[in-house]
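Results of the structural survey
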Amino acid sequence: MRTDLLIGGEWRAGPTRYCVTNPATEEPLAEVAEAGAAEIDAAVRAARTCFESTAWRALGARARGRLLLRLADVLEARTADLATLETRNNGKPLFESEIDVAMTVETFRYYGGWADKLEGATLPVNGNFFTYTLRDPVGVVGAIVPWNFPLNLASWKVAPALAAGCTVVLKPAHETPLTALLLGELALSAGFPPGALNVVPGPGPTAGAALVRHPGVDKIAFTGSTAVGQDIMREAATTLKRVSLELGGKSPNIIFADADLRAAVRGAQAGIFYGKGEVCAAGSRLLVEKSVHDQVVSELALRAKALTPGDPFDKNTRLGALVSQRQQDRVLSYIAAGRREGAHLVAGGNAARVNGKGYYVEATVFDHATPGMQIVEEEIFGPVVSVLTFEGEEEGVALANHTRYGLAAGIWTQDIARAHRVARAIQAGTVWVNTYNFYDPAAPFGGYKFSGFGRDLGREALEHYTELKSVWVKL
């Protein structure tokens, strides 16, 4: 496995190296090269050289599409290796990593099909002109991705950028660089030219900041915290970079009294405990209509107590290790705040270890939570759900929208008219009805309000990687 920096098709040592660990066992996994400002500059220059090269520009959209499809095939053939590496580096159960790899493959295939379908239009302007539009690639893209879905979220940026004809400098999260480095290696083996995809691990405050500041970067595509997204916006303003941000969430999962309650409770469990709660769109605020509150909380608490943290490589494990001790400490601090502020702990609430090791936290359920509590207002990014009650549709919608975030929401009801009314009223970029946490490369994903702007996935993502040009021809 390569652990150096991938710059211009070559593997280079960085000025320093750091240890990447397995959060489930606390054992070292690899010593990884760390990019500094000089290495970021070299990666951006390599991406620029490739972008402006005759070979890349003459490749043509259909040939780029074939490269993306070939990369999808290469990734699929290495599914077992990629999933194993992701689980070792992130701590998530192996079955989740296998899902992540499968969606990564689908994302590259989806955008491989889009590469030769970026169309312009002819415009009926006044006067004797033939006027039309073209879509040009925006240029060099700096893609900065988080540690919760390291490979999958990298594909959400890399695939549409390459399909549009851009070149990419990918900075994976400091904690989870390993599958991104393997992605870079596999892209070279699939035939992408040197510099089309560069991979430069390093800390956000140094490597990430250097990428955002670099004048040779035309666009930043970022997934991560709202606070860092705000920093990126401020920094990007100095060079007028294009920016798209998929940021934090505090998503409401709303259970109405007329819902199929068994399905709703299963959905609530999956909405917060899948991915250990380290999911931007996690349903961390469970809003339950008052008349069914006791039943829902009782069943959810039973399910949470049965969800035992375990070895991520055990086929029966459904709750893996958090990504780091730092993240475990953060989640436990929120649990302490919930207790301190008067929420009722009905399940979990403790750190856990497996075979005496690992950064685990029990599946945790707080009841009688209220707006204003830290556990209700702030993104925890762990397996912690807060239950709030409401009476009636209007109050439920108001409570759902009572947040600075707007990434996702869930609605559980058997009233189809209500489902559509509430979906329209919710201020969120994705709304699931009688389901939760489903994604597809064809469906755009992104947020309202403090959850950011711009969209990953779907045809809409391609707009962020292109410039629109109008051409006037005098007849």
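See the structure above.
Within each chain, residue numbers correspond to sequence positions counted from 1 in written order. This being a predicted model, a pLDDT of at least 70 is required before a residue's local features are given, and a value of 80 or more before pairs of side-chain atoms are given or counted; all residues contribute to the totals for chains, interfaces and linings. Calculated side-chain values reflect all of the structure's heavy atoms, with hydrogen atoms and water omitted.

A closer look at the overall build of the chain
Here a strand is any run of E in DSSP of at least two residues, a helix any run of H or I of at least four, and the numbering for each starts at the N terminus. Within the chain, the regular secondary structure consists of 16 helices and 24 strands. Relative accessible area decides the class of each residue, using a 1.4 Å probe on protein chains only: under 20% of the type maximum gives buried, over 50% gives exposed, and in between gives partly exposed. A total of 475 residues make up the chain; the buried ones form 57% of that total. Any two residues whose heavy atoms approach within 4.5 Å at even a single point are treated as in contact. Taking as baseline every contact in the chain between residues at least 6 positions apart, the subset at least 24 positions apart corresponds to 74%. Surface exposure of the chain reaches about 18,700 Å², of which carbon and sulfur atoms provide 51%. Here the chain holds 48 positive side-chain charges and 51 negative ones, and the gap between their average locations is 4 Å. Calculation of accessible area relied on Shrake-Rupley with a 1.4 Å probe; when residues are assessed, cover is drawn exclusively from the protein chains displayed. Residues scored as positive are Lys and Arg, those scored as negative are Asp and Glu, and His as well as the terminal groups of each chain are ignored. We put the charge of a Lys on NZ, of an Arg on CZ, of an Asp on CG and of a Glu on CD.

So, unusual backbone geometry
Even without glycine at this site, Leu240 takes up a positive phi of about 50°. Considering the arrangement of structural elements, one finds Leu240 in the loop between α9 (226–236) and β11 (242–246). At Leu457, a residue that is not glycine, the phi angle is positive and equals roughly 70°. Looking at the secondary structure, you find Leu457 in the loop between β23 (452–453) and α16 (458–463).

Notes on the layout of surface pockets
The rolling of a water-molecule-sized probe over the atoms marks out the regions of remaining empty space. For each structure, a 1 Å grid was placed over the protein atoms alone; sets of points admitting a 1.4 Å probe that cannot get out are labelled cavities, open sets with protein on both sides within 12 Å along at least five of seven lines are labelled pockets, and lining residues have an atom within 4 Å of a point. Grid points are joined across faces, edges and corners, and a volume is the space filled by probe spheres set on the points. Roughly 1,200 Å³ of volume is contained in the largest pocket. As for the largest pocket, its lining consists of 40 residues, and the residues nearest its centre are Trp147, Phe222, Gly224, Ser225 and Val228. For the lining of the largest pocket, the elements supplying multiple residues, two or more each, are α8 (204–213), β10 (219–223), α9 and α12 (325–340). Counted by class, the lining of the largest pocket contains 17 nonpolar, twelve polar and eleven charged residues. Here the second largest pocket defines a volume of roughly 440 Å³. Lining the second largest pocket are 19 residues; nearest its centre among them are Phe149, Tyr274, Asn437, Phe438 and Tyr439. Listing elements by their share of the lining of the second largest pocket, those giving two or more residues are α5 (94–114) and α6 (150–163). Each residue gets one of three labels, nonpolar for Ala, Val, Leu, Ile, Met, Phe, Trp, Tyr, Cys and Pro, charged for Asp, Glu, Lys and Arg, and polar for the others, Gly among them. For the lining of the second largest pocket, a count of residues per class yields 14 nonpolar, three polar and two charged.

In short, shape yes, function no, at least from these values alone.
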